[in-house]
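An overview of the molecular structure
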Amino acid sequence: MSRDQQSFVLDGRPPVWNPLQVDAYADYLALLSVTNPVVAVEDIRSVDGEVLLARSTFLNQQNIAALKNKMLSRPLAHSIQIETLLSAEDLLQHLLNTIRSTEYFQSLAERKHPLSSLEPVCAMLSRLPLVQQMLTVMAVQMNDLYQRTLCVSLWSLYIAQEMRLPAEDAGAVFWAAITHDMGMLHLNPQILNKTDDLTADEWLYIQCHVEISNYILADIPGLSPAILIAVSEHHERCDGTGYPLAKVESELSILGQVLAVADAIVGIYFNRFKAQGRRWREVIPVLELNRAAYLYRSCDIVAAMILRSELPLPNVVSGGGVPEFAERMLQQNLHLQNWFMQLRDCLTSVGYTHGDRKLHALQNVVLHIATTFKGSMLFKEDLRESLESLASEDGHSINKVVADASLMQQEMAFHLQRLSRMMQMYISSGEGKNPKIRQHLQDGYTKISGYIGGSNTPHS
Ligand SMILES: [Fe+2]
């Protein structure tokens, strides 16, 4: 059986994706075809040999609907051609636009990362027609993902250059960044674009984009193994809290971890900061709290790069809004402490001799949170006193320490939410072999469920 004919099996879980099945990518192609014709360059056949779409047919929503959920003899991407592909020059132009419209990139480019270094890196696109095809689709049909991809690529390249990695490695991490989320093009957009909380199954489904990206890229000649490894590791974390394999630092490549930190910065900025008009500068305290998750020194490098731009720190709030802000921060601080202690007590009281790797991963997360927050200002009396003083009278402005602390509290809420969700997934997967431990975790989860979703952020 060829690789294309195998089912896509994830770590013992049921197949979730098959490259021969017609999926969301076909819909994106049909939509693109309205303005940029997409044509079948060979007969598109079912796995049984029946011709479903004849050679030279232009794709549209009707003929794609007839293919939906069919199994093909070859992946659709190999049987079609897009009239106008995104070129290396287009990619370069889009990166330059991103730099010019982003004050930090602009500043970095002026100070240390000349624009001229991008051209030879982008040139590789002309040797990767399948990547060109997917990037063309992404740029039009998933433009938000494309814009993020450009940012991740710039951060990856700049971090690699700051680390003084060889030019070949810097180029490899740039291409890993350009291709790392290609798998998203094959996922159901209704789940991807869901605005309310994802179920555990939906979360697992989205996590599969890593394996799908790797599966697709493994068949593209010209992509080095270092690129594939970096893509496969972009959601892994040095402290073992990532996915899909919960690897730890000693098992991870440097390029994968450069990509991971770049992807994390962009995720934090786009998901939580951009809509509020907040700046890249505010990512620093968040990274600071997650030090253990990222490659040694990468947080310092990113912080130095952002600070070197010498762009100002924005005030979170000032004047009459300060007492209310400080009061909300105090309440959130207490809420987070209680939530954390419940989780910690539940997860650590089962001991560490159970031999269950996934339960160890949960315990590692809670210990990581404990270590991180013990070393931070969040549970210190000084912060509480500052907040009580700010809450009691008008006229103050929020200083840098309190501004950073408010970001750290949001970050802690995010971590506790994530750990609670991981715990729920572990319980509902039924993977825990020991019934007593399972029951103990179930009881613990019932206790903490009241905290989830009520993080009471001062920015809300
Ligand atoms: Fe990803």
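A brief look at the structure comes next. (Residues numbered from 1 in each chain as written. Predicted model: local features only at pLDDT ≥ 70, side-chain atom pairs only at ≥ 80, totals over all residues. Heavy atoms only, no water.)

**Some remarks on the overall build of the protein**
Defined as follows: Secondary structure is summarised from DSSP: a helix means a run of H or I of at least four residues, a strand means a run of E of at least two, and numbering begins at the N terminus for each. Under the scheme applied here, a residue whose accessible area is under 20% of the maximum for its type counts as buried, over 50% as exposed, and between as partly exposed, the area being computed with a 1.4 Å probe on protein chains only. It only takes one pair of heavy atoms within 4.5 Å for two residues to be counted as in contact. Charged-residue counts in this description rest on Lys and Arg as positive and Asp and Glu as negative, His and the chain ends being excluded. Where a charge lies is defined by one atom per residue type, namely NZ (Lys), CZ (Arg), CG (Asp) and CD (Glu).
Within the protein, the secondary structure is distributed over 20 helices and 6 strands. The principal-axis extent of the C-alpha atoms belonging to the protein is close to 75 × 60 × 40 Å. Here the protein holds 460 residues, and 52% of them are scored as buried. When contacts within the protein are restricted to residue pairs at least 6 apart in sequence, those whose partners lie at least 24 apart make up 72%. Averaging the locations of the 38 positively and 49 negatively charged side chains of the protein gives two centres separated by 3 Å.

**A short note on the coordination of the iron ion**
Note the cut-off: Only nitrogen, oxygen and sulfur atoms count as donors, using a 2.8 Å cut-off from the metal that widens to 3.2 Å for Na, K and Ca. Water is left out, so coordination shells may look unfilled. Geometry assignment treats four donors as tetrahedral when all angles are between 85 and 135 degrees, treats four as square planar and six as octahedral when opposite donors are over 155 degrees apart and all others between 65 and 115, and treats everything else as irregular.
Distances from the iron ion to its protein donors, Asp181 (OD), His209 (NE2), His234 (NE2) and His235 (NE2), fall within 2.2 to 2.3 Å. Metal-centred angles of 83 to 177 degrees between the 4 donor atoms at the iron ion mark the site as irregular. Read in sequence order, the donor residues for the iron ion give the motif D-x27-H-x24-H-H. One end of the pair, aspartate 181, is in the loop between helix H8 (167-179) and helix H9 (189-192); the other, histidine 234, is in the loop between helix H12 (225-232) and helix H13 (254-273), with 53 residues separating them in the sequence. Neither residue differs from the other here; aspartate 181 and histidine 234 are each classed as buried.

**Some words on the packing of aromatic side chains**
What describes a pair of aromatic rings is the distance from one ring centre to the other and the angle between the planes of the rings. Short version of the rule: Aromatic rings from Phe, Tyr and Trp, with only the six-membered ring used for Trp, were paired whenever their centres fell within 6.5 Å, and each pair was classed as stacked if the ring planes differed by under 30 degrees, edge-to-face if by over 60, and tilted otherwise.
A full pass over the atoms with the stated rule returns 7 aromatic pairs. Each ring, one from tyrosine 269 and one from phenylalanine 270, has its centre 5.6 Å from the other, and the planes form 90 degrees; the classification is edge-to-face. Of the two residues, tyrosine 269 and phenylalanine 270, both sit in the buried class. Aromatic pair tryptophan 339 and tyrosine 451: ring centres 6.3 Å apart, planes at 10 degrees, arrangement stacked.

**Topic: helix H20 (residues 435-448)**
Quick reminder of the rule: The length a helix should cover is 1.5 Å for every residue beyond the first. To be clear, the arc concerns the directions from the helix axis to the C-beta atoms.
Taking 1.5 Å per residue, 14 residues should reach 20 Å; H20 reaches 20 Å between its end C-alpha atoms and fits that length. Residues of H20 that are buried: Ile437, Leu441, Gly444, Tyr445 and Ile448. Buried residues of H20 fall within an arc of 100 degrees about the axis and therefore sit on the same side. Of the exposed residues in H20, the ones pointing more than 90 degrees away from its buried face are Pro435, Lys436 and Lys447.

**Here we look at the packing of helix H16 (residues 322-348) against helix H18 (residues 381-392)**
The angle between the axes and the distance between the axes are what describe a pair of packed helices. To be explicit about the condition: Axis lines are fitted through C-alpha atoms, for helices just across the contact stretch, and the angle between N-to-C directions can take any value from 0 to 180 degrees. When the near helix sits turned anticlockwise from the far one by under a right angle, the crossing is termed left-handed; a clockwise turn instead gives a right-handed crossing. When residues are grouped by polarity, Ala, Val, Leu, Ile, Met, Phe, Trp, Tyr, Cys and Pro land in nonpolar, Asp, Glu, Lys and Arg in charged, and all others, Gly among them, in polar.
At a minimum axis separation of 7 Å, H16 and H18 run at an interaxial angle of 145 degrees. Considering only the axes of H16 and H18, their crossing is left-handed. Contacts between H16 and H18 involve Val322, Pro323, Ala326, Glu327, Met329, Leu330, Asn333 and Gln337 from the first element and Leu383, Arg384, Leu387, Glu388, Leu390 and Ala391 from the second. Considered class by class, the residues forming the contact of H16 with H18 number 9 nonpolar, 2 polar and 3 charged.

**With respect to the environment of alanine 24**
Within the fold, alanine 24 resides in helix H1 (residues 24-33). Assessed through its relative accessible area of 8%, alanine 24 is described here as buried. In this structure, the C-alpha to C-alpha distance between alanine 24 and arginine 278, residues 254 residues apart in sequence, is 33 Å. Once residues within four sequence positions are removed from consideration, alanine 24 is found in contact with Leu185, His186, Leu187 and Pro189.

**Things to note about the environment of glutamate 211**
Along the chain, the position of glutamate 211 falls in helix H11 (residues 209-218). Among the residues examined, glutamate 211 registers a relative accessible area of 18% and is labelled buried. Distance from glutamate 211 to valine 231, taken between C-alpha atoms, is 8.9 Å for residues 20 residues apart in sequence.

**Looking at the nonpolar core**
A general feature of soluble globular proteins is that nonpolar side chains tend to end up buried together. Keep this limit in mind: What we call a nonpolar core is a set of buried Ala, Val, Leu, Ile, Met, Phe, Trp, Tyr and Cys residues that are connected through their side-chain atoms within 4.5 Å.
By size, the foremost hydrophobic cluster in this structure holds 111 residues, and its most contacted members are Leu29, Leu91, Trp155, Ile159, Trp175, Leu185 and Trp280. It is H13 that contributes the most residues to this core, 12 residues altogether. The contacts of leucine 185, once residues within four sequence positions are left out, are Ala24, Tyr25, Tyr28, Met134, Val137, Met138 and Met142. In this structure, Ala326, Ala413, Met423 and Leu441 belong to the second largest nonpolar core, which totals 41 residues.

**Focus on the side chain of serine 46**
As for its placement among the helices and strands, serine 46 is situated in the loop between strand E4 (44-45) and strand E5 (51-53). The class for serine 46 is buried, based on a relative accessible area of 6%. Once you skip the residues sitting within four places of it in the chain, serine 46 turns out to touch Leu52, Met71, Leu72 and Ser73.

**Examining the environment of aspartate 169**
For aspartate 169, the location among the structural elements is in helix H8. Sequence separation between aspartate 169 and isoleucine 254 is 85 residues, and the spatial gap between their C-alpha atoms is 9.5 Å.

**With respect to the packing of H11 against H12**
This is how the line gets drawn: Note on terminology: angles under 35 degrees are roughly parallel, angles over 145 are roughly antiparallel, angles of 65 to 115 are roughly perpendicular, and the others are oblique.
Close contact between H11 and H12 brings their axes to 9 Å; oriented N to C, the two are set at 165 degrees. As summarised for this structure, H11 and H12 are arranged roughly antiparallel, according to the angle between their axes. Between H11 and H12 the crossing geometry is right-handed. Between H11 and H12, the residues in contact are Val210, Ser213, Asn214, Leu217 and Ala218 and Leu228, Val231 and Ser232, respectively.

**As for the pattern of salt bridges**
Stated precisely, the cut-off is as follows: When a carboxyl oxygen of Asp or Glu lies within 4 Å of a side-chain nitrogen of Lys or Arg, that pair is called a salt bridge.
Counted under the stated rule, the structure contains 8 salt bridges. One salt bridge connects aspartate 27 with lysine 68, and the closest N-O pair in it is separated by 2.8 Å. Taken together, the positions of aspartate 27 in helix H1 and lysine 68 in the loop between helix H2 (61-67) and strand E6 (80-82) put the pair 41 residues apart, joining distant regions of the chain. Aspartate 27 gets classed as partly exposed once you look at its relative accessible area, which sits at 30%. Notably, a salt bridge pairs arginine 344 with aspartate 345, separated by 3.4 Å at the nearest N-O pair. What makes arginine 344 partly exposed here is its relative accessible area of 30%.

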